[in-house]
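Fold and contact review
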Amino acid sequence: MLKLIQLTLDLFDPAPPRPAAPAPSAAPPAPLPSEPLHVDAPAEPLDAVLAPATFHHPRANRQATLGHTFVAFELRRGKRRNIGFVVGPEGLTVSAPRWVPMHEVDAAVQSKSSWILSKLESARQRQDRIESARIQWREGAAFPFLGEQVILVLDPRRGGTAELNTAGEALPGVPRLTLHVGLPQTATAEQIRDTVQAWLMRQAKRLFTERLDHFAPQLSVQWRKLVLSNAGTRWGTAHSDGTIRLNWRLIHFRLPVIDYVVAHELSHLRVMDHSPRFWETVATVVPDYPQLRGALRDEALPPW
């Protein structure tokens, strides 16, 4: 801890000697220019500079200091056999059986401190990447489509339609795709966003249908209905009646990632859980699903 050192002025010290008077022949000193007085802003408090990193769950009801890091987390009690930890975009959630005393919960959190801090920092970095990728809906905006960046072009001559131009040259670091949208230059950000979203959803409906038809025979299942969803936390769901729900924003990802989600949901028509048998079923058509599953989790999509 830094110690505050107080310097005390001794009032009884002899006064310093007066400077000698200037010689009569010396010219008087020139007056100093009049300048405004500049006062430095007070320094930032040391406590703020040295404050540890903090992570605060919006529904936090418990807190812990892990090393030098303050973590406020959500504690849930329920019918379960052990203590579980989940780190998501909002922060840390700890789930514990109702019968476990609080000191054991706190001890478990401390024992997992390295893992918790690593996951929290990764989640924070991912959220920062997401925010930095936020789309500004205007002429020249870029958005991902099937893993490639697409440049938005406002073209009122198209009369409200949208068309993807794929004739651009593949230059390093330069998007080769442009989407020409039939809107005037005066269109609002909301109009541009809604028009692009409608186009992306049409592409998603077409492509998802093709991929469902591709994988269903290989898995010996039959799907009956495709529904596009806009769920915040789920990429897809499957129902025993053959209804498949897929998040339309999957259209942002590369085709292999989309194929993994499609195969995943179709596999649920054979195995309605996530048992080893289920993952064996997925692997019959998408053998590299662990890597694609990781890409689905780690690749940051721009917020809408």
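The text that follows walks through the structure, step by step, so that each part is easy to find.

About the cut-offs
Sequence order as written defines residue numbering, which begins from 1 separately in each chain. Selection of residues for local features in this predicted model requires a pLDDT of at least 70, selection of side-chain atom pairs for listing and counting requires 80 or more, and totals for whole chains, interfaces and linings are taken over all residues. Each side-chain value is worked out from all heavy atoms of the structure, with water and hydrogens disregarded. By this definition, two strands are paired if DSSP reports at least two bridges between them. Numbered from the N terminus, helices here are DSSP runs of H or I no shorter than four residues, and strands are runs of E no shorter than two. Fitted lines through C-alpha atoms serve as axes, helices being fitted only where they are in contact, and the angles separating the N-to-C directions of these axes extend from 0 to 180 degrees. Here a residue-residue contact requires only that any non-hydrogen atoms of the pair lie within 4.5 Å. Throughout this description, the term nonpolar core refers to a set of buried Ala, Val, Leu, Ile, Met, Phe, Trp, Tyr and Cys residues connected via side-chain atoms within 4.5 Å. Think of it in three bands: with a 1.4 Å probe and only protein chains considered, a residue is buried below 20% of the maximum accessible area for its type, exposed above 50%, and partly exposed in between. Directions are taken from the helix axis to each C-beta atom, and the arc is the one they span.

1. Overview of the sheet that holds strand 9 (residues 177-181)
- In space, the four strands of this open sheet follow the order 6-7-9-8, with mixed pairing throughout. In the strand order of this sheet, the two ends are held by strand 6 (142-145) and strand 8 (162-165), each with one partner. Each strand axis lies, on average, 35 degrees off the axis of its neighbour in the sheet, ignoring direction.
- Alignment of strand 6 against strand 7 (residues 148-154), held across four bridges, turns out to be antiparallel. Bridge assignment links P144 to a residue of strand 7, and that residue is Q149.

2. Section: the environment of A216
- Looking at the element boundaries, A216 is found in helix 4 (residues 189-219).
- In this structure the C-alpha to C-alpha distance between A216 and S267, which are 51 residues apart in sequence, comes to 8.7 Å.
- Discounting chain neighbours no more than four positions away, the residues touching A216 are V221, W223 and L266.

3. Considerations on the sheet that holds strand 11 (residues 236-238)
- Read across the sheet, three strands follow the order 10-12-11 without closing on themselves; strand pairing throughout is mixed. Of all strands in the sheet, those bounded by a partner on one side alone are strand 10 (225-229) and strand 11. Across the sheet, the axes of successive neighbouring strands diverge by a mean angle of 15 degrees, strand direction being ignored.
- In this structure, strand 10 lies alongside strand 12 (residues 243-247), joined through five bridges in parallel fashion. Bridge pairing links V227 to R245 in strand 12.
- Docked against the sheet, helix 4 engages strand 10 and strand 12, running at close to 140 degrees with respect to strand 10.
- Along the sheet, helix 5 (residues 255-267) contacts strand 11 and strand 12; its crossing angle with strand 12, the most-contacted strand, is approximately 150 degrees.

4. Topic: the nonpolar core
- Formed by 53 residues in total, the largest nonpolar core has its most connected members in F143, V196, Y260 and L266.
- Counting residues per element, the ones that place at least two in this core are strand 6, strand 7, strand 9, helix 4, strand 12, helix 5, helix 6 (276-283) and helix 7 (289-298).
- If we ignore the near neighbours within four places in the chain, the residues touching L266 are L212, F215, A216, L219, V221, W223 and I244.
- By size, the runner-up hydrophobic cluster in this structure holds 16 residues, among which are L92, V105, A108 and V109.

5. Considerations on the pairing of strand 3 (residues 69-78)
- The element strand 3 is extensively covered by neighbouring structure, given that seven of its 10 residues are classed as buried.
- As paired strands, strand 1 (residues 54-56) and strand 3 are joined by three bridges and run parallel to one another. Bridge assignment links T54 to a residue of strand 3, and that residue is F70.
- Where strand 2 (residues 62-66) folds back onto strand 3 in an antiparallel hairpin, the turn is made up of two residues, including G67, whose phi is positive at roughly 70 degrees.
- Pairing analysis gives five bridges linking strand 3 to strand 5 (residues 91-97), with the strands arranged parallel. Following the sheet pairing, G78 is matched in strand 5 by P97.

6. Here we look at helix 6
- Within the span of helix 6, buried status applies to F278, W279, T281 and V282. End-on view of helix 6: buried residues confined to an arc of 155 degrees, all on one side of the axis. In helix 6, the exposed positions angled more than 90 degrees off the buried face are occupied by P276, R277 and E280.
- Where helix 6 is buried, its residues touch helix 4, helix 5 and helix 7.

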